[in-house]
Structure formats: structure tokens, C-alpha cells
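# Structural description and commentary
Below are the chains, spelled out letter by letter.
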Amino acid sequence: MLIELAPLLSAFLMWAAFPPLGWGVLAVVAPTPLLAALRRVATRRGAAALGFAYGVGFYSLLLFWVKETGFLSVIALVLLLSGYSTIYALLVFRARNWGRTAWWLMAIGAWALIELVRLYVPFGGFSWGLLGYPAGEYEWTRGATQFIGTTGWSVVFVAIAAGLALFVTDRRRPARWLVPSLAVGALLTMAGALAPPSADGEALRIAIVQGNSPCPDVHCVNENRLIFESHLELTSTLTPGQARLVVWPESSAGSSVELATHPDRLAQVAAEARRLDAWFLIGSQRTIDDESFTNLNMVLDADGRIVGEYRKRHPVPFGEYVPLRPLFDWIPALDQVPRDMVRGTEDTVFELPDGTLGSVISFEGAFPRSTRPLSQAGAELLVVATNKASFGHTPVSDQFIGMTSMRAAELGTPVVHAAITGRSAFIDADGTVLSLTEAFEADILLGTVNYRTAGPTLYARFGDWMQYLAIAAGAAVAAAGWLHRQREKAEASAETEIDA
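Residues numbered from 1 in each chain as written. Predicted model: local features only at pLDDT ≥ 70, side-chain atom pairs only at ≥ 80, totals over all residues. Heavy atoms only, no water.

## What about the environment of Gly 99?
Counting through the fold element by element, Gly 99 comes out in the loop between helix 4 (71-94) and helix 5 (100-118). The exposure class of Gly 99 is partly exposed, given its relative accessible area of 44%. Expressed as a C-alpha distance, the spacing of Gly 99 and Ala 183, which sit 84 residues apart in the sequence, is 22 Å. (Helix = DSSP H or I, 4+ residues; strand = E, 2+ residues; numbered from the N terminus. Buried < 20%, exposed > 50% of the residue type's maximum accessible area, 1.4 Å probe, protein only.)

In C-alpha cells form, the structure reads like this:
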């Protein structure tokens, strides 16, 4: 009975480590009950059931907000992610009779491998619920993210949890597995406390215009025009000198009022840019034809001229495009996605008067692979333009801000997190949320951040090196085990021939 309850206990502890509770320290021990159960379970089918139960329990709690787009969406997503936790359980079960050190390395490496795969597969991957994200709940651990990234913290946390599982199940020399991982975690935490990432370049005064939506849960008549006018009206309340950069969120100038194809709307924004003597970054959508569109951030200089645009590279599957559309035409909810987004192809940065600006759009902010290239291209400040209007008063906004704060800490680069319906935030280079709006309120958030001129962080240079190291160690152990088994089979076969 205790074995059957173990994955549910792990699922609850893991959920509690994320917003809305945000008890991040629980991430260190959350995998332990599941891992201990996998040490004791007798059959492969039993191991698969444990992994699947953990996945269903955790992801149902963490991602219940997806129900706002339909219960079929949340069921499909939970089942997909539970499939990954099932595969993980089978990999760990396979190592149950190996030596304790080999099992420990396999538990770590398999976790790292599953996280890596689900960041890419299927349809570009899904990053909610990575074990390392709760490290962002605390200043010191968040500060060390510049060295190892979010995925590095996943490795450290599962290493500690696996060591605890060995202690619970074997109670033999637990220090061999606990001490190294605890020591690494402690050293990283100390480094994050003593030398947090910082931005020490020119200060930039920024206004985030959170214009809200007249119909955030459903589409309504003239929605794009009303959203645009709300942002324009709020912007008109700013006075010259209040901001040198004004940020409008994703889709604040949607297709029917897109600036490059609607000169009258461009003239209205350009007049505000000249009045305020400020640059603008405006989230937009542009219709290409009846079947496609592009999602972009457009930058205007202080004279109101369009100086460049960034086109979103990572669309939301089943939100901004339908993969394998002919196979899914029978799903009524997909009628809300009649066109597919055309992906951008370039890591675009913008040269402002005092520094270099990079931007991503919504879903991309959840993936380090979307922001790292911008840092490598010279971005000293990042903007994440998002919407989140479809998800109501759910934890999704806080969860997403937690993720973008880890993007800031990974790169040591301040982040301007701008949302139409909230919550919008200014995030410092160490991942600290400096200020925050409320959800579903029309508001202007003013803040000052500094460009980063210190150069790339260790993570920006080398990426998910700790994750790959853990995978390599697990693979090496698995290969050694396979070679050992092949040798034993060969020896047994040779003995049989001699006896014959």
C-alpha cells in the first residue's frame, strides 16, 4: 500500500514547490518517494504504473489551468507528460539490480534525459514542471542559475532525492551518495549568494503598458481595435521624460490594426513616440493570407519610424498552429485556430541609443534555447511580450513569471515581462521580481533597469552542460551494465559448450 501511495506523495510535493504555493525547497525531496518505490517494486508493469500515477497526479495539479482552453486539451497534455514519467520509471526500474552507485547515476541521468527530450518532443516541446524551476523561489539558488541553468538545478535536486531514496531503502553508507550532491548544491548556493548576476550598464527608464482586453476569455467584435485603443489611451497619459522605452505586449496591435499595413495606426503611435521622445516595442500580428499569419515584435525609434521587427520562432502547438492539421480537423475546439503561424528564422536584436535589446514572444520565454541565442548575439536587455488572456485568474501568470525570472538569472540580463491582461513585471538580472501588476487591470508599470555589459554568463556560453554531463554518466553506466551482461552470457555459453 505504501508503494502505491508513494508516487502520489511525490506528485503533491512537486506541485507544492511551484506557484501558487511556491514552497520551492520541497523540490529537493519531492522525487524521493517515487524513487524509493521504484527501488522496491517487483515488476516492470508495477514500475510503469508508479511512473504513470506520478505524472497524472503532478501534471493534473500543475496544469489544471489548461482546462480554460477545453478539457480535451488538459487530458491530452497530462497523458503526454505522464508518458514521459512512465518511461523514466521503466529506465530506473531496469537499473534496480545494479550497484547502488550505478543506480544513483542512472536515476539522475534518466531524469536529465527525459527533461531534455520533453523540451523538444513533440512539436517543439513543453517546459512547464521542470524540477529545477523551484530554485527560482530563493535568491541564493536563483543567483547560481547563471552557472548551471534551470536544468542544472534539476540535476542537483534529483541527485539529492536519489541519495535520500537509497538511504530510505538501503540504509547503507548513505553519505556516499548524499554528501557529493549536497556539497555541490551548497557550493552553488554560496556562489549565488556571494556573486549574483548583475547588470551594471546604462540605466533605462521603461513603461510597460498593460492595456487589458475587453473580452479576455472569448473573442469579441472589434477586439483588436479595442485593445489597440486601450494601449494608445494609456500611453497618452505618460508625460515626456517618464520613459525612454515604451513596451506594448503581445498582440496589442493585432492584425486589423497592425502598424506596417495600417498607416493611420502607425501615425498615431509615431506621434506618441515623438511626443515622449521614446522608443517603442509593440507586440503585433500580421495576416499573410487566409491560411497563415506571423506573430512579431516591432520596434520604433523616437521619431516614430519602424526600425526593425522580431518574428516569433516557436509557435504554440494547437494554439498558433495545428500540427498535422488533417488528422485533427475533427476536434471542434481547433476551429479557433483557423490559420497557422509562419515561424521566424532569425535571432534578432535591436540597437537602442544606450544598449542592445532582444525580445521573445510568450511561449518562447519558457525555453532557454529561445533566449540564449539572443544573449550570444549581444542582447543586454530582454523583453518577453505575452498575452495570457485565455487563462483567467489561474496560477499560469505567476508560473510563467517564475520561468522568465530564471531566464533572467541564467543570462544575468534584466527582463521586461509585458502582458496584455497581466501580470506584467520588471525582473532584475539576478531574477528578482522588482515590481508587478495585478491581473486583468489596465495599468502602466514604470521601472528602471540596467543593460548588462559584463558579457555572457557561464550558462550563456555553455548552455545545459550539467544536464548533458548527467546524461553521459547515465549512458556510461548503462553501457557498462550491458557489456557486463554480454560478457556473462558469453562466459555462460562457453561453459555450456565445454560441459557438452
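## A look at the pattern of salt bridges
Taken as a whole and judged by the stated rule, the model has 17 salt bridges. For the salt bridge of Arg 244 with Asp 277, the shortest nitrogen-to-oxygen distance reads 3.4 Å. Placement of the pair is Arg 244 in the loop between helix 9 (223-235) and strand 2 (245-253) and Asp 277 in the loop between helix 10 (263-276) and strand 3 (279-289), with a sequence separation of 33 residues. Counted as one network, the salt bridges with shared partners bring together Glu 258, Arg 286, Glu 309 and Arg 311. (Salt bridge = Lys/Arg side-chain N within 4 Å of Asp/Glu carboxyl O.)

## Details of the packing of aromatic side chains
Counted according to the given criterion, the structure contains 13 aromatic pairs. Centroid distance Trp 248 to Phe 280: 6.4 Å. Interplanar angle 70°. Geometry classified as edge-to-face. With Trp 248 in strand 2 and Phe 280 in strand 3, this residue pair connects regions lying 32 residues apart in the sequence. A relative accessible area of 0% means that Trp 248 is categorised as buried. Ring pairing ties together the aromatic residues Phe 18, Tyr 54, Phe 58 and Tyr 59, which thus form one cluster. Its end group placed over the ring of Phe 93, Arg 96 keeps NZ or CZ at 4.0 Å from the ring centre. It is Arg 372 that lies over the ring of Tyr 459; its NZ or CZ is 5.8 Å from the centre. (Phe/Tyr/Trp six-rings, centres within 6.5 Å; stacked < 30°, edge-to-face > 60°. Lys NZ or Arg CZ within 6 Å of the ring centre and 35° of its normal.)

## Examining the sheet that holds strand 10 (residues 415-419)
Strands sit in the order 7-8-9-10-11-12 across an open sheet of six strands; the sheet is mixed. Edge positions in the sheet fall to strand 7 (349-351) and strand 12 (433-436), since each has one partner strand and no second. Pairs of neighbouring strands in the sheet enclose a mean axial angle of 20°, with direction left out of account. Pairing analysis gives five bridges linking strand 9 (residues 381-386) to strand 10, with the strands arranged parallel. Bridged to Val 384 within strand 10 is His 417. (Pairing = 2+ DSSP bridges. Axes fitted to C-alpha atoms, helices over the stretch in contact; angles between N-to-C directions.)

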